[in-house]
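Structural overview
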Amino acid sequence: MNISAMPKEFSTHHTWYQSTLSSSLEKLQLTTTTNNLNSPISSKLIYTYTHAMNGFSANLSPKEHESLKNSPGYISSILDLPLKVDTTHSPQFLSLNPNIGAWHDSDFGKDVIVGLIDTGVWPESKSFNDYGMTKIPSKWKGQCENSIHFNSSLCNKKLIGAKFFNKGLLAKYPNVTLGLNSTRDTEGHGTHTSSTSAGSRVDEASFFGYAAGTASGIASNSRVAMYKALWEGGLLSSDIIAAIDAAISDGVDVLSLSFGLDEVPLYEDPVAIATFAAMEKGVFVTTSAGNEGPTLKTLHNGTPWVITVAAGTMDRGFQGMLTLGNGNKIIGISLYIGTFSTHNVPIVFMGLCDNVKELEKVKRKIVVCEEKNETSIFDQVDYLDAANVFGAVLISNSSETYYTQNSFATIIVDPINGEIVKAYIKSYYNSKHSTSIASMSFMKTSFGVKPAPSVDSYSSRGPSFSCPFVLKPDITAPGTSILAAWPTNVQVLELKSHKFFSEFNIISGTSMACPHVAGVAALIKGVHRDWSPAVIRSAIMTTSDILDNTKEPIKDIGKGNKAATPFAMGAGHVNPNKALDPGLVYDVGVQDYVNLLCALKYSQRNITTITRSSSNDCSKPSLDLNYPSFIAFFKGGNSSSSTVQEFHRTVTNVGEGQTIYVARITPIKGLHVSVIPNTLVFNEKNEKLSYKLRIEVAGMTKLKKVAFGYLTWMDVKHVVRSPIVVTTLKLKS
């Protein structure tokens, strides 16, 4: 509707739209013999819009629709067609909506520049088309460099930067295999991560029929700059630092780093060193936690001035269906890309499936295998492949689709469904007149899987080696079975020497979770240009979700689906819309980080390595960083006396005007946790107030290895939540 045509007597758009619809239907009634106004206007009017568009939706017959077209102010109308689900699905899973919240308010991260240090980029991918994008922001100082098979003209208003760094690698390994001395991606990882964070919308994307729909990066209006420093021959600190240096100089707003080093101090970690400078320049840096879970203390990128991202699942599943001869239909996990057109195939149970010679005798049958400790699903797939079986059903608790991408039709079913399959086969055993039979079908994508999200087992756990006094990881984001762009000449699968290629690929890892948070940071940056990296990190952490889609605590797959601790999931699962308006934030200045480095007993030289300043003030060393989380280390065993740890925090009110926050603490068994004061009264925006958190262990209390709870500050609008971890884990010597 043309809003300028609205008569002055209408006080709201809604009343005008309602009147317009009523008038058009009444006119139709006068010109026809039948009564078209069988239902009231209120039931025909579905929505009125004042932000996404000026207009409304209504349930109308073709004649009613035609009558409406003659109304004053009418401009146009479209049929209410069903939309395809986002392929990456993570934007929808994160509740991103074009009409409200982070996508709407930031215009999809418009003009924010996301830099990625990765394996390069495939510029021809549709995920990097610049249709409808405005001119490149004037702050951008970077460029697209010409390189082998990568002409600078391949860049555009979406892909605005492309550089590669391998001088360090070539110096150390002169005969190294690079793949291609170019910013072009020859591995796929960089194309996948960059399109996840800021890829343009692409219709009709899928992976051989799985996850069909529209693909979109988290911040689809943001710009992409690729810095290639990861090579087939390896990656070196010198190249990583050079790439980050260039990104800072070029003017990126957000930097996504899906790699890290294990068990090195901050002053030897190139990511920690180079990102300190990025933080000083206002660049928000997101890093991956690593894929060494579920064991504790496996996390890298424990750097206090970046955000460290764990990986979780989504409510989308890729499935196959096993139909038994008795009509029972068993749903399992599968990403099998072949066809299985044969019906009523004999099905046999082979137990551990660890004998290739026995498996070879099965010939054209569906083989059922059961995973036990002696034989893993990984080994079973190898044996089945060597025996050239026709099809397989793997009974396992594994949720990894990797095991189903085989040359033979494969479905993973859980042990409960596995018992149903085994019982069916057993019922026909030794029968002379009939045989157990089954059929298999694939290419099924389901949504609404519960529970979700869960922290996946591969995601690395804290506490960090480099700085255990800052709780890591910080946040969880979608990382399992993520579909994103892929180079068209890099194979996604090789089955029996046959190579498969695709414009999109589905892969998993904290590498996939990391760019999701980079995209979320771009959305926040698009709304709050003046927020520091620490404030953005705080907003993401304190507004995260700790409940899954069953309204229960988020689970940890790697720990038998028990409630995930902050060592697995950080503060919670990222919630972009809430992060736009966090209420209170925990800001951290450069000197605060220096105080922490001093308290770590780093030498002035080590501190200078990180800060690039030769005069670092160590007069107030403190391990108590103004962070949106808490971690307390206590000695294990019983003690006759009580032990206390105190934390001091300062919060800034970024909400509007006067407000009162009240503290609430989740009880932690065996501990007395208190906050002083428990009420914060703010008189204006940007006002800062401080509080103290006190954790006391009573005498003779035996602590668990990891116990946790939450401190939550609430006013009438905001919930500001911080995780509290109490642990008896020993620190490194």
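Residues numbered from 1 in each chain as written. Predicted model: local features only at pLDDT ≥ 70, side-chain atom pairs only at ≥ 80, totals over all residues. Heavy atoms only, no water.

1. Thoughts on the domain arrangement of the chain
In terms of domains, the chain is made up of domain 1 (3-70), domain 2 (90-315 + 454-579), domain 3 (318-439) and domain 4 (584-588 + 625-727). Using only C-alpha atoms to locate each centre, domain 3 and domain 4 end up separated by 51 Å. (Domains from an automatic or database assignment.)

2. Re the state of the cysteines
Disulfide: a covalent bond connecting the sulfur atoms of a pair of cysteines. Counted under the stated rule, the structure contains 3 disulfides. Residue Cys353 pairs covalently with Cys369 via a disulfide, S to S 2.0 Å. Taking the sign of the S-S torsion, -90 degrees for the link of Cys353 and Cys369, the bridge is left-handed. One end of the pair, Cys353, is in the loop between strand 13 (345-349) and helix 10 (356-360); the other, Cys369, is in strand 14 (residues 366-370), with 16 residues separating them in the sequence. Here the disulfide map of the chain reads 1-2, 3-4, 5-6, the bonded cysteines being numbered as they appear in the sequence. For the unlinked cysteine Cys467, the closest cysteine sulfur is that of Cys598, found at 12 Å. For Cys467, a relative accessible area of 0% translates into the label buried. Not engaged in a disulfide, the cysteine Cys514 finds its nearest cysteine sulfur in Cys467; these two sulfurs lie 19 Å apart. (Disulfide = S-S within 2.5 Å. Helix = DSSP H or I, 4+ residues; strand = E, 2+ residues; numbered from the N terminus. Buried < 20%, exposed > 50% of the residue type's maximum accessible area, 1.4 Å probe, protein only.)

3. Comments concerning the nonpolar core
Ranked by internal contacts, the top residues of the largest apolar core, which has 49 residues, are Ile117, Tyr227, Val252, Leu255, Leu266 and Trp305. Looking at this core, the elements with two or more residues in it are strand 3 (113-118), strand 7 (223-228), helix 8 (237-250), strand 8 (254-257), helix 9 (270-280), helix 14 (533-542), helix 17 (590-599) and helix 18 (604-611). It is helix 9 that contributes the most residues to this core, 8 residues altogether. Counting residues domain by domain, this core receives three or more from each of domain 2 (90-315 + 454-579) and domain 4 (584-588 + 625-727). In terms of nonpolar packing, the next biggest core, distinct from the first, is built from 46 residues, Val114, Phe284, Ala513 and Ala522 among them. (Core = buried A, V, L, I, M, F, W, Y, C linked by side-chain atoms within 4.5 Å.)

4. Re helix 11 (residues 377-386)
Every buried residue belonging to helix 11 is among Ile377, Gln380, Val381 and Leu384, and all of these are buried. Within helix 11, the buried residues cover an arc of 100 degrees as seen down the axis, which keeps them to one side. At its buried positions, helix 11 is contacted by helix 10, strand 14, strand 15 (391-395) and strand 16 (409-413). Downstream of helix 11 by one or two residues, Asn388 has phi in the positive range, about 55 degrees. (Arc of directions from axis to C-beta. Contact = heavy atoms within 4.5 Å.)

5. Regarding a positive patch on the surface
Residues Lys297, Lys559, Lys562, Lys669, Lys704 and Lys705 make up a contiguous surface patch of positive charge. In this fold, Lys704 is placed in the loop between strand 32 (688-697) and strand 33 (706-714). Assessed through its relative accessible area of 58%, Lys704 is described here as exposed. (Patch = residues over 30% accessible without salt bridge, like charges linked within 9 Å, V, L, I, M, F, W, Y side chains within 5 Å. Areas by Shrake-Rupley, 256 points an atom, 1.4 Å probe, with all protein chains shown as cover. Salt bridge = Lys/Arg side-chain N within 4 Å of Asp/Glu carboxyl O. Lys, Arg positive; Asp, Glu negative; His and termini not counted. Charge placed at Lys NZ, Arg CZ, Asp CG, Glu CD.)

6. Looking at the packing of aromatic side chains
Counting across every chain of the model gives 19 aromatic pairs. Plain terms: the ring middles of Trp16 and Tyr17 are 5.6 Å apart, the flat faces sit at 35 degrees to each other, and that makes the pair tilted. Since its relative accessible area comes to 0%, Tyr17 is described here as buried. Between Phe469 and Phe633, the aromatic rings sit 6.0 Å apart at their centres with planes inclined by 75 degrees, giving edge-to-face as the arrangement. (Phe/Tyr/Trp six-rings, centres within 6.5 Å; stacked < 30°, edge-to-face > 60°.)

7. Regarding the environment of Val520
Here Val520 is to be found in helix 13 (residues 510-527). Judged by relative accessible area, Val520 falls into the buried class, the value being 1%. Val520 sits 56 residues away from Pro576 along the chain, and the two C-alpha atoms are 5.9 Å apart. Those residues within four positions of Val520 in sequence are excluded, and the remaining contacts are Ile218, Ile540, Val574 and Pro576.

8. Quick look at the pairing of strand 4 (residues 159-164)
For strand 4, the buried fraction is high: 5 of the 6 residues fall into the buried class. The pairing of strand 4 with strand 7 spans 5 bridges and is parallel. Bridge assignment links Leu159 to a residue of strand 7, and that residue is Val224. (Pairing = 2+ DSSP bridges.)

9. Description of the side chain of Thr214
With respect to the helices and strands, Thr214 occurs in strand 6 (residues 210-215). A polar contact of 3.0 Å, which involves the side chain of Thr214, links it to the side chain of Asp203. (Polar contact = N/O pair within 3.5 Å; in protein donor to acceptor, adjacent residues only side chain to side chain.)

10. Thoughts on the sheet that holds strand 30 (residues 671-676)
Adjacent strands of a sheet pair through backbone hydrogen bonds, lying either parallel or antiparallel. Spatially, the 4 strands line up as an open sheet ordered 26-28-32-30, and their pairing is antiparallel. Strands with a single pairing partner mark the edges of an open sheet, and in this sheet they are strand 26 (584-585) and strand 30. Sheet analysis places strand 30 next to strand 32, joined by 6 bridges and oriented antiparallel. Across the sheet, Ser674 pairs through a bridge with Arg694, a residue of strand 32.

11. Some details on the pairing of strand 7
Most of strand 7 is tucked away: 6 of the 6 residues are buried. Of the two faces of strand 7, the one holding Arg223, Ala225 and Tyr227 and the one holding Val224, Met226 and Lys228 are both buried throughout. In this structure, strand 3 lies alongside strand 7, joined through 6 bridges in parallel fashion. The residue bridging Leu116 from the neighbouring strand is Met226, located in strand 7.

12. Side note on the packing of helix 9 against helix 18
In the contact formed by helix 9 and helix 18, the axes pass within 7 Å of each other and the chain directions differ by 55 degrees. As judged from the angle between their axes, helix 9 and helix 18 are oblique. Of helix 18, the residues touching helix 9 (which contributes Ile273, Phe276 and Glu280) are Thr609, Ile610 and Thr611. Classifying every residue of the contact of helix 9 with helix 18 gives 3 nonpolar, 2 polar and 1 charged. (Axes fitted to C-alpha atoms, helices over the stretch in contact; angles between N-to-C directions. Parallel < 35°, antiparallel > 145°, perpendicular 65-115°, else oblique. Nonpolar A, V, L, I, M, F, W, Y, C, P; charged D, E, K, R; others polar.)

13. Quick notes on helix 12 (residues 415-427)
Since there are 3.6 residues in each turn of an α-helix, residues three or four apart along the chain are aligned in direction. Along its 13 residues, helix 12 runs 18 Å from first to last C-alpha, staying within 8% of the 18 Å computed at 1.5 Å per residue. By the burial criterion, the buried members of helix 12 are Asn417, Gly418, Val421, Lys422, Tyr424 and Ile425. Projected down its long axis, helix 12 shows its buried positions confined to an angular sector of 160 degrees, all on one face. Seen from the open side of helix 12, the exposed residues pointing more than 90 degrees away from its buried face are Ile416, Lys426 and Ser427. Among the residues of helix 12, the N-terminal cap falls to Asp414, whose side-chain oxygen and the backbone nitrogen of Ile416 are separated by 3.1 Å. (Expected span 1.5 Å × (residues − 1).)

14. Remarks on the environment of Ser288
If you trace the backbone, Ser288 turns up in strand 9 (residues 284-288). C-alpha of Ser288 to C-alpha of Leu580: the two residues are 292 residues apart in sequence and 22 Å apart in space. Residues within four places of Ser288 in sequence aside, it is in contact with Leu257, Ser258, Phe259, His300, Asn301, Thr308, Val309, Thr510, Ser511 and Cys514. In terms of polar contacts, Ser288 uses its side chain to reach the backbone amide nitrogen of Phe259, at 3.3 Å.

15. What about unusual backbone geometry?
Most peptide bonds are trans, and most residues other than glycine sit at a negative phi. Backbone torsion omega between Ala452 and Pro453 reads -5 degrees, so that peptide bond is classified as cis. Along the chain, Pro453 turns up in the loop between strand 17 (437-447) and strand 18 (454-455). Omega for the bond connecting Lys472 with Pro473 falls within 30 degrees of zero, at 0 degrees, which places this linkage in the cis form. By the element assignment, Pro473 lies in the loop between strand 18 and strand 19 (475-478). Even without being a glycine, His149 presents a positive backbone phi close to 60 degrees.

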